[in-house]
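Listed below, chain by chain, are the residues.
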Amino acid sequence: MSPASTGASTTVGAAATVPFSDTPAADSRMTPGGPGYRRMSLALFLAGVATFALLYSTQALLPLISGEYGVAASEASWTVAAATGGLALFVLPMSALSERFGRRTVMTGSLAVAVTVGLLVPFAPSLGALVVLRAVQGAALAGLPASAQAYLAEEVRPKALVTAIGLFVAGNSVGGMSGRVITGWVAQEWGWRVAVGVIGVIAVGCAVAFRLLLPAPRHFTAGSLRPRILLGTVRDHLANPLLRRLYAIGALFMTVFGGVYTVIGYRLTGAPFGLPQGVIGSIFLVYLVGTVSASTAGRLVGRLGRRGALYLAGGTTAAGLLLSLAPVLPLVLLGLVLITAGFFAGHAVASSAVSKTATQGRAQASALYQSMYYIGSSVGSTVGATAFHAAGWSGTVEVGLLAVVGVVTITVLGSVAARRTLVAHAH
């Protein structure tokens with residue numbers, strides 16, 4: 001897609017940039033079927049699995065955590081919000097470290113710390129200690145998302161970038177799904193502490209395989225850690241209207257997703273469903289739908305354009321929210337399928353657009369997106385749980401629908417801005 005057709009800016013701040021070359025003879029970056037591409041894809045897929053499995057390891061277990069500590073959903077939800085909030089706060093500093101020391105180095109260190117904390121989480125003596133450990137774990141994981149997207153933007157040819165990032169996001173969905181399914185069944189037999197311990201062990205295996213598989217970067221150029229330069233780069237990104245819209249879209253999509261999946265366990269354990277913990281964990285198999293929708297986001301953008309794909313993702317998410325209101329389990333499950341498909345498609349489209357738009361300071365551009373994205377998750381978890389406590393499932397759905405309206409509104413504003421740019425260029 002050209003900038004004219006999408007409204008994308010080809011500048012960061014006021015500095016003009018030179019388009020990437022897609023000529024194979026002049027471009028040594030990886031491409032599907034080429035050397036190293038499969039190893040890279042598998043490595044980052046496993047990193048995505050470990051990241052999401054650890055980050056949301058307590059989400060499916062919230063009813064059990066509430067029962068052990070004698071707290072409401074809004075209090076137990078902090079075990080999720082603390083992790084995503086820690087990630088949101090530290091993703092920008094970690095991205096700065098990746099600009100100086102390299103993407104692979106920072107990702108490896110982040111996973112090492114996160115999996116170590118993951119092995120300590122089962123021994124948390126109180127809810128407060130559990131929340132603190134989860135916050136530390138989220139902060140450690142902050143080195144993964146922005147660094148991974150920057151690595152892909154540097155090492156993969158532009159035409160394959162949406163697909164490559166889609167595979168990384170697909171790894172996220174597999175991690176989120178497998179973590180919740182495994183913890184659900186393990187917790188039903190041995191309790192939530194054993195369940196999160198199992199996730200920690202699985203994440204250790206993913207971290208080791210990631211480090212062994214990921215090819216050494218060939219196109220990385222070390223940057224500076226000077227705060228003035230970092231702040232200048234961040235200021236340039238925030239001055240870009242397209243990037244600001246993409247950041248807001250990522251946050252709003254994640255507000256929906258965080259709210260729905262934080263509260264769904266409470267809804268399904270209560271009337272009229274009364275499902276056991278293992279079955280509730282299996283509900284998260286619908287994440288497989290997200291794996292498919294994220295990995296096919298490139299083709300979706302090719303057919304509909306970026307804004308068309310975002311409209312479709314938002315509409316699909318809204319339809320799922322409305323369906324989930326029905327007191328009939330099959331309709332609730334169908335609603336979750338649509339919510340998951342819409343969310344992962346929208347996330348893959350928005351995050352890949354950030355990587356393509358920012359041609360300088362990519363790690364910071366991706367870090368700002370990830371920061372807003374996980375702030376959206378923290379907001380969705382806490383606000384969604386509070387709304388559920390006040391008004392039941394319909395309250396959580398209302399929060400989600402408001403977020404979807406925000407996505408559509410921002411996308412419309414992007415269309416208007418693109419038309420104005422075309423008119424100005426015509427004159």
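Our structure's up above, just so we're on the same page.
Below: a short report on this structure.

Here is what the cut-offs are and how they apply
- Residue positions within a chain follow its written sequence, with the count starting from 1.
- Note on the predicted model: pLDDT of at least 70 is required for a residue's local features to be given, and 80 or more for side-chain atom pairs to be given and counted; whole-chain, interface and lining totals, by contrast, use all residues.
- For side-chain calculations, the full set of non-hydrogen atoms in the structure is used, while hydrogens and water are omitted.
- Helix and strand assignments follow DSSP, with helices taken as H or I runs no shorter than four residues and strands as E runs no shorter than two, numbered in order from the N terminus.
- Buried, partly exposed and exposed residues are distinguished by accessible area as a fraction of the type maximum, computed with a 1.4 Å probe on protein chains only: under 20%, between the cut-offs, and over 50%, respectively.
- The Shrake-Rupley method, run with a 1.4 Å probe, gives the accessible areas here. Residue values count only the displayed protein chains as cover.
- Given the number of residues in a helix, its expected span is that number minus one, multiplied by 1.5 Å.
- Fitting one axis to the seven residues ending at a residue and another to the seven starting there, the bend at that residue is the angle between the two axes.
- Whenever a nitrogen or oxygen atom comes within 3.5 Å of another N or O atom, the pair is scored as a polar contact, on the condition that within protein one atom can donate a hydrogen and the other can accept it, and that pairs from neighbouring residues in sequence are kept only if both atoms are in side chains.
- For patch detection, residues must exceed 30% relative accessible area and be free of salt bridges, and they are connected within 9 Å for like charges or within 5 Å for nonpolar side chains (Val, Leu, Ile, Met, Phe, Trp, Tyr).
- Take a side-chain nitrogen of Lys or Arg and a carboxyl oxygen of Asp or Glu: if they are within 4 Å of each other, that pair is a salt bridge.
- Residue contacts follow a heavy-atom distance rule, with two residues in contact if any of their heavy atoms lie within 4.5 Å.
- As defined here, a cavity is a set of points on a 1 Å grid over the protein atoms alone where a 1.4 Å probe fits but cannot get out. A pocket is an open set with protein on both sides within 12 Å along at least five of seven lines, and residues line them when an atom is within 4 Å of a point.
- Grid points are joined across faces, edges and corners, and a volume is the space filled by probe spheres set on the points.
- Residue classes follow a fixed rule: Ala, Val, Leu, Ile, Met, Phe, Trp, Tyr, Cys and Pro count as nonpolar, while Asp, Glu, Lys and Arg count as charged, and any other residue, Gly among them, counts as polar.
- An axis is simply a line fitted to the C-alpha atoms; with a helix, the fit covers only the stretch in contact. Between two such axes, the angle follows the N-to-C directions and lies from 0 to 180 degrees.
- Our angle categories are set so that under 35 degrees counts as roughly parallel, over 145 as roughly antiparallel, 65 to 115 as roughly perpendicular, and the remainder as oblique.
- For a crossing to be left-handed, the near helix must be turned anticlockwise from the far one by less than a right angle; the clockwise case is right-handed.
- By convention a nonpolar core is built from buried Ala, Val, Leu, Ile, Met, Phe, Trp, Tyr and Cys residues, the set being connected through side-chain atoms within 4.5 Å.

### Focus on the overall build of the protein
In terms of helices and strands, the protein carries 18 helices and two strands. Residue burial in the protein is summarised as follows: out of 427 residues, 57% are buried. Approximately 16100 Å² of the protein is accessible, and the part contributed by carbon and sulfur atoms is 69%.

### Re helix 9 (residues 161-190)
Each α-helix winds once per 3.6 residues, and so residues spaced three or four apart point in a common direction. With 30 residues, helix 9 extends 42 Å from end C-alpha to end C-alpha; this agrees with the ideal 44 Å at 1.5 Å per step. Buried residues dominate helix 9, accounting for 22 of its 30 residues. Looking one or two places after helix 9, you find G191, whose phi comes out positive at around 100°.

### Topic: helix 12 (residues 241-269)
Helix length check: helix 12 (29 residues) gives 44 Å between terminal C-alpha atoms against 42 Å at 1.5 Å per residue, within 8%. Bending of helix 12 peaks at approximately 35° at the position of V263. The N-capping residue of helix 12, defined by a side-chain oxygen 3.0 Å from the backbone nitrogen of L242, is N240.

### Remarks on a nonpolar patch on the surface
Side chains of L119, V201, V204, V208 and L212 sit close together on the surface and give an oily, nonpolar patch of about 430 Å² of accessible area. Here V204 is to be found in helix 10 (residues 192-213).

### Examining the environment of L97
The residue L97 is located in helix 5 (residues 78-101) in this model. Once the C-alpha coordinates of L97 and S147 are considered, the two residues, 50 residues apart in sequence, prove to be 9.3 Å apart.

### A short note on the side chain of T411
Here T411 lies in helix 18 (residues 393-426). T411 gets classed as buried once you look at its relative accessible area, which sits at 3%. Within the structure, the side chain of T411 is placed 2.8 Å from the backbone oxygen of V407, a separation counted as a polar contact. Excluding residues within four positions of it along the chain, T411 makes contact with I249, R307, L310 and Y311.

### Observations concerning unusual backbone geometry
In this structure, the amide linkage connecting A271 to the following residue, P272, adopts the cis form with an omega of 5°. Inspection of the secondary structure puts P272 in the loop between helix 12 and helix 13 (277-282).

### Some thoughts on empty space enclosed by the protein
Using the criterion set out here, one finds four cavities of 30 Å³ or more in the structure. Within this model, the second largest cavity holds a volume of roughly 60 Å³. Sorting the residues of the lining of the second largest cavity by element identifies helix 8 (145-155), helix 9 and helix 17 (362-391) as the ones contributing at least two each. Residue classes in the lining of the second largest cavity are distributed as five nonpolar, five polar and no charged.

### Quick notes on the packing of helix 6 (residues 103-120) against helix 7 (residues 127-141)
Between two packed helices, the angle of one axis relative to the other and the distance separating the axes together describe the packing. Remark: helix 6 packs on helix 7, axes separated minimally by 8 Å, with the N-to-C direction vectors making an angle of 160°. As far as their axial angle goes, helix 7 and helix 6 are roughly antiparallel. Considering the relative orientation of helix 6 and helix 7, their crossing is left-handed. Together, S110, V113, A114, V117, G118 and L120 of helix 6 and L133, V136, Q137, A140 and L141 of helix 7 make up the contact between the two elements. Residues of the contact of helix 6 with helix 7, tallied by class, amount to eight nonpolar, three polar and no charged.

### Focus: the nonpolar core
One recurring pattern in soluble globular proteins is that nonpolar side chains are buried together. L44, L152, Y261 and Y374 are the most contacted members of the largest nonpolar core, which has 121 residues in total. Beyond its immediate stretch of four places on either side in the chain, Y374 contacts F52, L55, Y56, T84, L87, A88, P145 and M254.

### Some points on the environment of A319
Positionally, A319 belongs in helix 15 (residues 297-323). For A319, a relative accessible area of 34% gives the class partly exposed. Taking C-alpha positions, A319 is 9.4 Å from G342, a pair spaced 23 residues apart along the chain.

### Focus: the packing of helix 2 (residues 37-55) against helix 7
In contact at an axis separation of 10 Å, helix 2 and helix 7 are set at 160° when each is read in the N-to-C sense. The angle between helix 2 and helix 7 places the two elements in the roughly antiparallel class. The chirality of how helix 2 crosses helix 7 is left-handed. Two secondary-structure elements touch here, helix 2 through T51, L54 and L55 and helix 7 through R134, Q137, G138 and L141. Counted by class, the contact of helix 2 with helix 7 contains three nonpolar, three polar and one charged residues.

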